[in-house]
Amino acid sequence: MPEKKKRSLTARILMGMALGILTGVLLNLAGNDGLIRVLFSDGIFLVVGTLFLRSLQLMVVPLVFVSLVCGTASMEDVRRLGRIGGKTLALYLLTTTIAISFALGIGLLVKPGKGMELATEEDFVTPEAPPLSEVLIDMIPNNPMEALAEGNMLQIIVFAMLFGLALTISGQPGRSVLQIFESLNEVVMRLVMLIIELAPIGVFALLARTFANEGFDTIIPLAKYFFTLAAVLILHAVCTYSLFLKIIGNLNPVQFFRKMRTAQIFALTTSSSNATIPVTLETVEEELGVDNSISSFTVPLGATINMDGTAIMQGIATVFVAQSIQLDLSFGQILTVLLMATLASIGSAGVPSAGLIMLTAILTQVNLPIAAIPILLSIDRLLDMLRTVVNITGDAAMTCIIGKSEGKMDLSRFEDNSWRN
Ligand code: ASP
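Residues numbered from 1 in each chain as written. Predicted model: local features only at pLDDT ≥ 70, side-chain atom pairs only at ≥ 80, totals over all residues. Heavy atoms only, no water.

Asker: Could you give me a rundown of the overall build of the protein chain, with the residues and numbers involved?
Answerer: Helix and strand content of the protein chain: 18 helices and zero strands. Taking 2.2 N^0.38 as the reference for a compact globule, 421 residues should give roughly 22 Å; the C-alpha atoms of the protein chain span a radius of gyration of 22 Å, in line with that estimate. Expressed along its principal axes, the backbone C-alpha trace of the protein chain runs to roughly 70 × 50 × 40 Å. Counting every position in the protein chain, which comprises 421 residues, the buried fraction comes to 53%. Residue pairs at least 24 apart in sequence account for 85% of intrachain contacts in the protein chain once pairs closer than 6 positions are excluded. (Helix = DSSP H or I, 4+ residues; strand = E, 2+ residues; numbered from the N terminus. Rg over C-alpha atoms; globule rule 2.2 N^0.38 Å. Buried < 20%, exposed > 50% of the residue type's maximum accessible area, 1.4 Å probe, protein only. Contact = heavy atoms within 4.5 Å.)

Structure representation (structure tokens):
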């Protein structure tokens, strides 16, 4: 894409975001009912926004599969694969643990739940978290077509890596198939770029609808929870990732954040790390200069298991619920929350509100009333948007650090800001 065109696209997406929020807020103030609702929130914005979202989601499975097959096949040796896997898991776990510790620390200090009265009757059906053994067994698909059809991300990742490995050891037939996959990757990427072109309109419609439907007045009774959580999310994204980028990666955080804007707006708009995968991948490869052999693995894996924003919400929400029923969490309970939130964020799918559903597992573990969940759900939409931004920012930041440490990063591309301003 020519530089000038790209620059104007970023500006147009930002404009779509600002106009969408403004329109939504105005519609909400106007009551958002009757003909206005039928025509706009439940009419044109719903249709345009959903079409945009679906066109993005439609790219996820083909892109992850094709790109990861190419990425694995271009890995020079299998030992590197193990090393990259180890680094990725270590960084993802480390940042999630920092996120949740930070959230618990601030939650205990600020006490967002003090003075709250929450209803405690258990009128909420707890979804069962699958046992760990099942999660592990489930990683290998019975039928890859079923995994692809259902969009089961971990199974797709495993199958794509096995397929990519098999290509590298199959000699000439492997090389021929790889060529097809490389061409397919180009085509799918091109399609992603076309969809990104539609973002100004899609972002506008989705945000206008969200803000028309979500009145800010619902925040007021839970304002302390809302703002504590929002502050921790922002601080973690800005401070923790900047420090990691600077100290471990020796990369300029300002440059990183500048180039992440488009992907962050997509995450904010869709509240889904999964739906944002195509844009996150495009950004880390095309703008930040990370090689496909790294990002095709770390980005989809991150969107599935690395959710710092979700872990932060789960930490603060647990502390909030405990405080609202005047319960002091013991040190043991705090450690349980730390462990459980790390696991729950791994187990949460990268789709809207998934993190809140997994919160039930944590609350149950420390004997807190899960009846608080519907109350938190009432103001979760905006928080979900914010934590999804944190989730994908974490994936991209760690991808850059791993890419740099493996010598698989085009630094001139990272530094090049001829079109971002
Ligand atoms: N919406 C989040 C994501 O897709 C998950 C969650 O915290 O609900 O990353």
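Asker: Mind laying out the nonpolar core, listing which residues take part and the relevant values?
Answerer: Counting 118 residues, the largest nonpolar core has Tyr-225 and Phe-256 as its most contacted members. When residues of this core are assigned to their parent elements, the largest contribution, 14 residues, is made by helix H2 (residues 34–73). Those residues within four positions of Tyr-225 in sequence are excluded, and the remaining contacts are Pro-112, Met-313, Ile-316, Ala-317, Phe-320, Leu-376, Ile-379 and Leu-383. Leu-27, Phe-45, Ala-205 and Ala-212 belong to the second largest nonpolar core, which has five residues in total. (Core = buried A, V, L, I, M, F, W, Y, C linked by side-chain atoms within 4.5 Å.)

Asker: Which residues make up the packing of helix H3 (residues 78–110) against helix H9 (residues 223–248), and what values go with them?
Answerer: Each packed pair of helices is defined by two parameters, the angle between the axes and the distance between the axes. Relative orientation of the contacting elements H3 and H9 amounts to 140 degrees, with a least axis distance of 10 Å. The orientation of H3 with respect to H9, classified from their angle, is oblique. As for the relative orientation of H3 and H9, their crossing is right-handed in sense. Residues Leu-91, Leu-94, Thr-95, Ile-98, Ala-99, Phe-102, Ala-103, Ile-106 and Val-110 of H3 form the contact with H9, whose participating residues are Lys-224, Thr-228, Val-232, Leu-235, His-236, Thr-240, Tyr-241 and Phe-244. Of the residues in the contact of H3 with H9, the class split is twelve nonpolar, four polar and one charged. (Axes fitted to C-alpha atoms, helices over the stretch in contact; angles between N-to-C directions. Parallel < 35°, antiparallel > 145°, perpendicular 65-115°, else oblique. Left-handed = near helix turned anticlockwise from the far one by under 90°. Nonpolar A, V, L, I, M, F, W, Y, C, P; charged D, E, K, R; others polar.)

Asker: Explain the packing of aromatic side chains residue by residue, including any values.
Answerer: Using the criterion set out here, one finds eleven aromatic pairs in the structure. Considering the side-chain rings of Phe-65 and Phe-163, the 6.3 Å spacing of their centres and the 50 degrees angle between planes classify their relative orientation as tilted. Of the two residues, Phe-65 sits in helix H2 while Phe-163 sits in helix H6 (residues 153–168), which places them 98 residues apart along the sequence. Phe-65 sits in the buried class, given a relative accessible area of 13%. (Phe/Tyr/Trp six-rings, centres within 6.5 Å; stacked < 30°, edge-to-face > 60°.)

Asker: Explain empty space enclosed by the protein residue by residue, including any values.
Answerer: A full pass over the atoms with the stated rule returns two cavities of 30 Å³ or more. What the second largest cavity holds in volume is close to 80 Å³. Lining the second largest cavity are 17 residues, with Thr-310, Ala-349, Val-351, Asp-384 and Asn-391 sitting closest to its centre. Counting residues per element, the ones that place at least two in the lining of the second largest cavity are helix H15 (354–365) and helix H17 (380–405). (1 Å grid on protein atoms, 1.4 Å probe; cavity = no way out; pocket = protein on both sides within 12 Å on 5 of 7 lines; lining within 4 Å. Points joined across faces, edges and corners; volume = space filled by probe spheres on them.)

Asker: Would you mind going over the site of the ligand in detail, with residue names and values included?
Answerer: In the neighbourhood of the ligand, 16 residues make up the surrounding shell, with Ser-273, Thr-310, Gly-355, Asp-384 and Arg-387 lying closest. One of the side-chain N or O atoms of Thr-310 is found 2.6 Å from an oxygen atom in the ligand. Within the complex, the protein chains bury 100% of what would otherwise be the 270 Å² of accessible surface of the ligand. Only H15 and H17 provide two or more residues apiece to the shell around the ligand. Element by element, the count of residues in the shell around the ligand is highest for H17, at four residues. (Near = heavy atom within 4 Å. Polar contact = N/O pair within 3.5 Å; in protein donor to acceptor, adjacent residues only side chain to side chain. Areas by Shrake-Rupley, 256 points an atom, 1.4 Å probe, with all protein chains shown as cover.)

Asker: Outline the layout of surface pockets, listing residues and values.
Answerer: Put simply, the second largest pocket is a space of about 360 Å³. Forming the boundary of the second largest pocket are 18 residues, of which Asn-185, Glu-186, Glu-285, Glu-286 and Asn-292 lie nearest the centre. If one sorts the elements of the lining of the second largest pocket by residue count, helix H7 (residues 171–197) sits on top with six residues. Residue composition of the lining of the second largest pocket, by class: four nonpolar, six polar and eight charged.

Asker: Pulling in residues and values, what's your account of H9?
Answerer: Taking 1.5 Å per residue as the helical rise, H9 with its 26 residues ought to reach 38 Å, and the 36 Å between its terminal C-alpha atoms agrees with that figure. Along H9, the sharpest change in direction is near 25 degrees and occurs at His-236. Looking one or two residues past H9, Asn-250 carries a phi angle of roughly 50 degrees, positive in sign. (Expected span 1.5 Å × (residues − 1). Bend = angle between axes of the 7 residues up to and from the residue.)

Asker: How would you explain helix H14 (residues 331–347) if you had to name every residue and give the values?
Answerer: Between its first and last C-alpha, H14 extends 24 Å over 17 residues, near the 24 Å set by a 1.5 Å rise per residue. Within the span of H14, buried status applies to Gln-333, Ile-334, Val-337, Met-340, Ala-341, Thr-342, Ala-344 and Ser-345. On the buried face of H14, the contacting elements are H3, helix H12 (292–305), helix H13 (308–324) and H15.

Asker: Please provide a residue-by-residue account of the packing of H9 against H13, values included.
Answerer: Across the interface, H9 lies against H13 with an axial gap of 10 Å and an inter-helix angle of 145 degrees. Crossing angle aside, the handedness with which H9 passes H13 is right-handed. On the side of H9, the interface is formed by Tyr-225, Thr-228, Leu-229, Val-232, Leu-233, His-236 and Tyr-241, while H13 contributes Asp-308, Gly-309, Ile-312, Met-313, Ile-316, Ala-317 and Phe-320. When the residues that make up the contact of H9 with H13 are grouped by side-chain class, the tally is ten nonpolar, three polar and one charged.

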